[in-house]
Amino acid sequence: MSQFRLITTAALCSVLLSGCSWFGGDDDDAAIQPAELVKFDPEVKVKRQWSAKVGAGAREYFQSLKPAASSSAVFAAGHEGKVSALDVDSGKLLWSTDLEAPLSGGVGYGGGLVMVGTIDAQVYALNGDDGSLVWTADVSSEILSSPQSNGEVVVVQTIDNKLFALDASTGEMLWQHSGDSPILTVRGIGEAIVTDNMVISGFDSGKLIAFNPDNGSLIWEGRMALPKGRTELERMVDIDGAPLLVGDVIYSVTFQGRLGAMSRGTGRSLWFQDSSSHSSPAHSNGQVFVSEEEDRVRAFDAGSGQPVWSNDQLFLRRLTGPAKLAGTIAVADAEGYLHLMDPADGHFVGRIKVDGSGVSAPLLTVGNSLIVQSNSGTLSAYKLQ
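Residues numbered from 1 in each chain as written. Predicted model: local features only at pLDDT ≥ 70, side-chain atom pairs only at ≥ 80, totals over all residues. Heavy atoms only, no water.

**Details of the packing of aromatic side chains**
- This structure, assessed with the given rule, holds seven aromatic pairs.
- Judged by centre distance (6.2 Å) and plane angle (35°), the ring pair of Phe 75 and Trp 95 falls under tilted. Of the two residues, Phe 75 sits in strand S3 (residues 73-77) while Trp 95 sits in strand S5 (residues 93-98), which places them 20 residues apart along the sequence.
- Overall, Phe 75 belongs to the buried group, its relative accessible area being 1%.
- For Trp 95, a relative accessible area of 6% puts it in the buried group.
- Summarising the aromatic geometry, the rings of Trp 175 and Phe 211 are spaced 5.5 Å apart at their centres and angled 35° between planes, so their arrangement reads as tilted. Placement of Trp 175 in strand S13 (residues 173-178) and of Phe 211 in strand S16 (residues 207-211) is noted, with a sequence separation of 36 residues between them. (Phe/Tyr/Trp six-rings, centres within 6.5 Å; stacked < 30°, edge-to-face > 60°. Helix = DSSP H or I, 4+ residues; strand = E, 2+ residues; numbered from the N terminus. Buried < 20%, exposed > 50% of the residue type's maximum accessible area, 1.4 Å probe, protein only.)

Put into structure tokens, the structure is as follows:
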């Protein structure tokens, strides 16, 4: 059954990532095309602060690597195995380590460790100060998410819907959890939030589960969405983006399901709204933002869940999840454009071309900078002027 699941997942992913080509071939006059960029009068000026090559690119991979950051450095990786640290203000290279391994899980940072995962089910932990190898550990299968750590444990999810907790000092296995495994899922995996007293993670079943980080005991379990429909495709409700923790509230969204808010302490549901997304939500100024299926960007009131606005002018442009940048909301697309929107009503306020190779990795906000990793393996920092 697991082999069938992986095969069907890969097949579905190729459909999802094909964009408009799914709706018709080059000779099909009726094919649905991505939206043309609308013209507008810019209200803000976005400027590239620095850029650096950190990898060989991601065009041959369905998944993408995302960068991570400490207060002073940005950590990024390429699929061929190179992991780099750059100064967050200048982009100056601080160190670079070539693991010579096929990296597939995005970069995580916590407790002084820089962590990555591989297609071959290995976790690498590096010293955040100099890039030296601290330990490696084997898990059950391919890693598509970013390992996370609170300094005591390192938590990583695998494509077979398992969650592993490793000792942050040695990489020794502490505990694991096996999630329910639907027959068909989107190729992607949830990412954990790791605090001092809780590990919170989403699974392919649409469940959000909180664990004790010391021993893996269940603290609470909540369901973001219930599978609906008669076919396995219709019943997919994966949580593929990282949950978002804001104060004592957790926000999460599923594919073909719902966006919701839950209490961190008890898992009690606060509100739900119908939504569908593969990406993590973002939060700013009392609102939650989501890049939804078919690339519509929506804003919801963070307290009540009521819809605030919707922008569908980037239809089928294969958007990243949203991120905040100095009072604006940013998304990037498959043609390499970075779009800035007004969080009050969603209208465009700025735009800049990042890289012709496109952007698929999640955007990263660090202070007043936005870190963008393009599909060609170039890492760039942007600020508003």
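**What about the sheet that holds strand S30 (residues 364-366)?**
- Across the sheet, four strands lie side by side as S1-S32-S31-S30; this open sheet has antiparallel pairing. One side of each edge strand has no neighbouring strand; the edge strands of this open sheet are strand S1 (46-53) and S30. With strand direction ignored, the average angle separating the axes of adjacent strands in the sheet is 25°.
- With seven bridges joining them, S1 and strand S32 (residues 378-384) adopt antiparallel strand pairing. From the neighbouring strand, Lys 53 faces S32, where its bridge partner is Thr 378. (Pairing = 2+ DSSP bridges. Axes fitted to C-alpha atoms, helices over the stretch in contact; angles between N-to-C directions.)

**Topic: the pattern of salt bridges**
- With the rule as written, the count across this model stands at seven salt bridges.
- Here Glu 191 and Lys 66 are joined by a salt bridge, their closest N and O atoms 3.2 Å apart. One end of the pair, Glu 191, is in the loop between S13 and strand S14 (193-194); the other, Lys 66, is in the loop between S1 and strand S2 (68-69), with 125 residues separating them in the sequence.
- For Glu 191, a relative accessible area of 10% gives the class buried.
- Residue Glu 292 is joined to Arg 298 by a salt bridge in which the shortest nitrogen-to-oxygen separation is 3.2 Å. The same class applies to Glu 292 as to Arg 298, namely buried.
- A cluster of three or more residues bridged by salt bridges with shared partners is formed by Glu 292, Arg 296 and Arg 298. (Salt bridge = Lys/Arg side-chain N within 4 Å of Asp/Glu carboxyl O.)

**Structural notes on the nonpolar core**
- Core analysis: the biggest nonpolar cluster contains 16 residues, and Val 83, Leu 99 and Val 116 have the highest contact counts within it.
- For this core, the secondary structure elements donating two or more residues are S3, strand S4 (82-87), strand S6 (103-110), strand S7 (113-118) and strand S8 (122-127).
- The greatest single-element share of this core, amounting to three residues, is contributed by S3.
- Excluding residues within four positions of it along the chain, Leu 99 makes contact with Gly 81, Val 83, Val 116, Tyr 124 and Leu 126. (Core = buried A, V, L, I, M, F, W, Y, C linked by side-chain atoms within 4.5 Å. Contact = heavy atoms within 4.5 Å.)

**Section: the sheet that holds S4**
- One open sheet holds the four strands; their spatial order is S2-S3-S4-S5, and the pairing between them is antiparallel. Each end of this open sheet is capped by a strand with a single partner; those strands are S2 and S5.
- Relative to S4, S3 runs antiparallel, the two sharing five bridges. By the bridge assignment for S4, Ala 73 is matched with Asp 87.

**Digging into the side chain of Asn 311**
- Along the polypeptide, Asn 311 turns up in strand S25 (residues 307-311).
- Classification of Asn 311 by relative accessible area gives buried; the value is 6%.
- There is a polar contact of 2.8 Å between the side chain of Asn 311 and the backbone oxygen of Gly 346.
- Leaving out residues up to four positions away in the same chain, Asn 311 has contacts with Asp 295, Arg 296, Val 297, Met 341, Gly 346 and Phe 348. (Polar contact = N/O pair within 3.5 Å; in protein donor to acceptor, adjacent residues only side chain to side chain.)

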